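Notes for the structure review
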Amino acid sequence: MLYDYTAKVREIEEQLLKAMARSLSLPEDSFVIQFGERPSTYVRFNYYPPCARPDLVIGLKPHADGSGMTILLQDEQVEGLQLLKDDQWFRVPIMPYALMVNIGDQLEIISNGIFRSPVHRALTNSTRERNTLAVFCAPDPAKEIGPVEELIDEKRPRAFKNIKNYVESYFHYYQQGRRPIDAVRL
Ligand SMILES: O=C(O)CCC(=O)C(=O)O
Ligand SMILES: [Fe+2]
C-alpha cells in the first residue's frame, strides 16, 4: 500500500514540476530532467505523542526540507505544522484528505531561487497524539543539480553552486542548526 501511495505521489509531483516549469515559460521537462532517471523517494512517518509541556518541547525543530518537493499527508484531526514567513510563524490548517505540497531546498536551487523552500516546524500538544506522512521526492543523488540556465540572467544572477548528493551535506549542517542551503549559496 505504501508503495502504491508513493508511486501515485511521484506522478503528482512530476505533474506539478512540469506545471511549475511551464508557469515560468520553460520547456516543461526543465525541472524533471534534473531529478534524473532514478530520482530518490524517502518516506517518513512522523509520530508526535501527547506532551505534558508543549510550551517547552517542540515536535520537529525548525528546518527546510532537503528534498526537491515534499508531499505531506497531515493528521486528519490534529493540527501542528507551522510555516515561517517574514519572521512570523503561521499555522497550516488541517484539511482532511488534502495533500500539502512543500518546496524543498533542491527545487529552490534548481529554480535559481524563484521557488522558495520555507522553514517550518511541528508543535506538540498536551492532549492528542498526531501522525503525519511525508514523502520526500528528490533528485538522483548521483546527478549534479544546479540552477536552470534559462533562469539565470543579469537581473537574476546565478544564486547557487551546482551540487551532487545534496541530502548528504544537508544532514551535516542540520545537526549544527544551520541552513544547509546557505552552504551552496553564491
Ligand atoms: O509533521 C509535520 O507536520 C511536518 C513534518 C515535516 O516537516 C517533515 O517530516 O519534514
Ligand atoms: Fe519538513
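Please read all numbers here as calculations on a predicted model, not as lab measurements.

1. Digging into the confidence of the model for the protein
In this model, the protein carries a mean pLDDT of 95, and residues with pLDDT of at least 70 account for 100%. Predicted as a complex, the structure gets a pTM of 0.95 and an ipTM equal to 0.98.

2. What to know about the pattern of salt bridges
As enumerated under the stated definition, the model contains nine salt bridges in all. The salt bridge involving Arg-10 is made with Glu-13; its shortest N-O contact spans 3.1 Å. Of the two residues, Arg-10 and Glu-13 both sit in helix H1 (residues 2-23), three residues apart, roughly one turn of that helix. Accessibility expressed as a relative area gives 15% for Arg-10, which makes it buried. Between Glu-79 and Arg-91 there is a salt bridge; the shortest N-O distance is 2.6 Å. Taken together, the residues Glu-79 in the loop between strand E3 (69-73) and strand E4 (81-85) and Arg-91 in strand E5 (residues 88-91) connect sequence positions twelve residues apart. Residue Glu-79 is classed as partly exposed on the basis of its relative accessible area of 31%. On the basis of relative accessible area, Arg-91 is assigned to the exposed category, the value being 57%.

3. Here's the deal with the site of ligand 1
Near ligand 1 you find 13 residues, and of these Arg-44, Tyr-48, His-120, Arg-130 and Thr-132 are the closest. Sorting the residues of the shell around ligand 1 by element identifies strand E1 (40-48), strand E2 (58-63) and strand E8 (130-138) as the ones contributing at least two each.

4. Focus on the environment of Asp-55
Residue position: Asp-55 is located in the loop between E1 and E2. When the C-alpha positions of Asp-55 and Ala-7 are compared, they lie 38 Å apart, and in sequence the two are 48 residues distant. Looking at Asp-55, its side chain comes within polar contact range of the side chain of Arg-53, at 2.8 Å.

5. Describing the UniProt feature "domain: Fe2OG dioxygenase" (unreviewed entry) in the protein
Within the UniProt annotation, "domain: Fe2OG dioxygenase" (unreviewed entry) is assigned to residues 39-139. Structurally, residues 39-139 comprises 6% helix and 47% strand, and the distance from its first C-alpha atom to its last is 5 Å.

6. Quick word on the sheet that holds E3
Read across the sheet, four strands follow the order E1-E8-E3-E6 without closing on themselves; strand pairing throughout is antiparallel. Taken across any chain shown, the strands that pair with only one partner, and hence form the sheet edges, are E1 and strand E6 (99-103). Between one strand axis and the next, the sheet turns by 20° as a mean value, whatever way the strands run. H1 contacts E1, E3, E6 and E8 of the sheet and is inclined by roughly 55° relative to E8.

Reading the values: the criteria
Residues numbered from 1 in each chain as written. Chains lettered and ligands numbered in written order. Predicted model: local features only at pLDDT ≥ 70, side-chain atom pairs only at ≥ 80, totals over all residues. Heavy atoms only, no water. pLDDT = per-residue confidence, 0-100. Salt bridge = Lys/Arg side-chain N within 4 Å of Asp/Glu carboxyl O. Helix = DSSP H or I, 4+ residues; strand = E, 2+ residues; numbered from the N terminus. Buried < 20%, exposed > 50% of the residue type's maximum accessible area, 1.4 Å probe, protein only. Near = heavy atom within 4 Å. Polar contact = N/O pair within 3.5 Å; in protein donor to acceptor, adjacent residues only side chain to side chain. UniProt positions renumbered as here; feature names shortened; annotations may be inferred. Pairing = 2+ DSSP bridges. Axes fitted to C-alpha atoms, helices over the stretch in contact; angles between N-to-C directions. Contact = heavy atoms within 4.5 Å.

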